[in-house]
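Tertiary structure, described
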Amino acid sequence: MAKSKTPKVIGVEILKKNGLNVDKLIKELVFNASVEFTAYYYFTLLRANCTGLEGEGIKGIIEDARLEDLSHFESCIERIYQLGGTLPKDATQFIKMSGCEFLQLPKNPTDLKSILEKCLKAEQGAAVNWDRICKMTHGKDPATYDIAKDILAEEIEHESWFLELIYGRPSGHMRRKYPGERPHTKKHSRSLDSL
Ligand SMILES: [Fe+2]
Ligand SMILES: [Fe+2]
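By convention here, each chain's residues receive numbers from 1 onward along its written sequence. Whichever chain is written first is A, and whichever ligand is written first is 1; the rest continue in order. Given that the model is predicted, a residue must reach a pLDDT of at least 70 before its local features are reported, and side-chain atom pairs must reach 80 or more before they are shown or counted; all residues, however, enter totals for whole chains, interfaces and linings.

Quick notes on the overall build of the chain
Think of it this way: any DSSP run of H or I at least four residues long counts as a helix, any run of E at least two long counts as a strand, and we number them from the N terminus. When helices and strands are tallied, the chain shows six helices and zero strands. Along the chain direction, N to C, the helices and strands of the chain fall in the order α-α-α-α-α-α. Our radius of gyration looks at C-alpha atoms and nothing else; its globule reference is 2.2 Å times the residue count to the power 0.38. Taken over the C-alpha trace, the chain has a radius of gyration of 18 Å; the compact-globule value for 195 residues is 16 Å, and the two agree within 12%. Along the first, second and third principal axes, the C-alpha atoms of the chain reach 60 × 35 × 30 Å. Here the chain holds 195 residues, and the buried ones make up 34% of them. Residue burial is a threshold on neighbouring C-beta atoms within 10 Å of the residue's own C-beta, all placed from the backbone, with 20 or more meaning buried, 12 or fewer meaning exposed, and counts in between meaning partly exposed.

Thoughts on unusual backbone geometry
Residues other than glycine predominantly adopt negative phi, and peptide bonds predominantly adopt the trans conformation. Backbone geometry at R182 places phi at a positive 40°, although glycine is not the residue there. Among the secondary structure elements, R182 is positioned in the segment after α6 (142–167).

Let's talk about the nonpolar core
A set of buried Ala, Val, Leu, Ile, Met, Phe, Trp, Tyr and Cys residues, joined to one another through C-beta atoms within 7 Å, is what we call a nonpolar core. Within the largest apolar cluster, 35 residues are counted, with the highest numbers of intra-cluster contacts made by A39, I58, I62, L116 and C119. Counting residues per element, this core draws most heavily on helix α2 (residues 22–48), at nine residues. Excluding residues that lie within four positions of it along the chain, A39 makes contacts with D69, C100, L103 and A122. Contact definition: two residues whose C-beta atoms, as placed from backbone geometry, lie within 7 Å.

Brief notes about the packing of α2 against helix α3 (residues 52–82)
The description of two packed helices rests on the angle between their axes and on the distance between the axes. Here an axis means a line fitted to C-alpha atoms, over the contact stretch when the element is a helix, while the angle between two N-to-C directions is reported on a 0 to 180 degree scale. At a minimum axis distance of 8 Å, the contact between α2 and α3 shows a crossing angle of 155°. By the criterion of interaxial angle, the relationship of α2 to α3 is roughly antiparallel. Of the two elements, α2 crosses α3, and the hand of that crossing is left-handed. Looking at the contact of α2 with α3, its residues break down into 16 nonpolar, three polar and seven charged. To sort the angles, those under 35 degrees are grouped as roughly parallel, those over 145 as roughly antiparallel, those from 65 to 115 as roughly perpendicular, and the leftovers as oblique. A crossing counts as left-handed when the near helix is turned anticlockwise from the far one by less than a right angle, and as right-handed when that turn is clockwise. Residues are grouped as follows: nonpolar covers Ala, Val, Leu, Ile, Met, Phe, Trp, Tyr, Cys and Pro; charged covers Asp, Glu, Lys and Arg; every other residue, Gly included, is treated as polar.

Some words on α3
The end-to-end C-alpha separation of α3 is 46 Å, in line with the 45 Å expected for 31 residues at 1.5 Å each. The bend reported for a residue corresponds to the angle between axes fitted to the seven residues ending at that residue and the seven starting there. Approximately 25° is the largest bend angle found in α3, and it occurs at I58. For a helix, the expected span equals 1.5 Å multiplied by the number of residues minus one.

Considering the packing of α3 against α6
Where α3 meets α6, the axes come as close as 11 Å, and the angle between the chain directions of the two elements is 165°. Relative to α6, the element α3 lies roughly antiparallel. α6 is crossed by α3, and the crossing has left-handed handedness. Contacts from I58, I61, A65, E68, H72, S75 and R79 of α3 reach α6 at A143, T144, I147, I151, E154, H158, W161 and L165. Along the lines of polarity and charge, the residues of the contact of α3 with α6 split into eight nonpolar, four polar and three charged.

Examining the environment of L165
Residue placement: L165 occurs in helix α6. Overall, L165 belongs to the buried group, with 21 C-beta atoms counted inside 10 Å. Residues L165 and K96 lie 69 residues apart in sequence; the distance between their C-alpha atoms is 29 Å. In this view, L165 contacts I58, I61 and L116; residues no more than four positions away in its chain are not counted.

Quick word on the environment of E155
Relative to the elements of secondary structure, E155 occurs in helix α6. When the 25 C-beta atoms within 10 Å are taken as the criterion, E155 is described as buried. Apart from residues lying up to four places away in sequence, E155 is in contact with E123, A126, A127 and W130.

What about the environment of F73?
Checked against the element boundaries, F73 lands in helix α3. Residue F73 is classed as buried on the basis of its 21 C-beta neighbours within 10 Å. Linking F73 and L29, residues 44 residues apart in sequence, is a C-alpha distance of 9.7 Å.

Structure below.
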């Protein structure tokens, strides 16, 4: 099909009129998507290395957080394209931009304390990332804000799970009903429903 000239996108125009820097938002969303995607991969490795009797319970918590990171990645994609952005063509560039190397397996790969500390650091970083998007979009872009605040709600839950495991700080949480439940972001990542 022949290419038509650049279309007028009202969904983006209104955001600019609302005073939103759309290019900056796209950059932040692609960065956050890369962090979620890479964290999903590294959490897979970390979960696999939770061995023994003690590791068995931790494995389940990491699995809940891991599958919700995949949901966070999925939750970004449609919005990035609606805003006029794209994901990078080069997957290695996408992974690199996340800066998640700190999530690689510890020296002793099955050291549970080190694994938990890495998980906590990842959750805390993610909470800061999504809070930044909440601040950028609040009162200007309700569609992106809705996604960001739902992801943030899950990151705060994940942080509290790992704080409990490391420090004994009560989180008040009950386990998810099933892995991948994603109570806040389910509506943004419906592509995962058929799994
Ligand atoms: Fe996440
Ligand atoms: Fe998380």
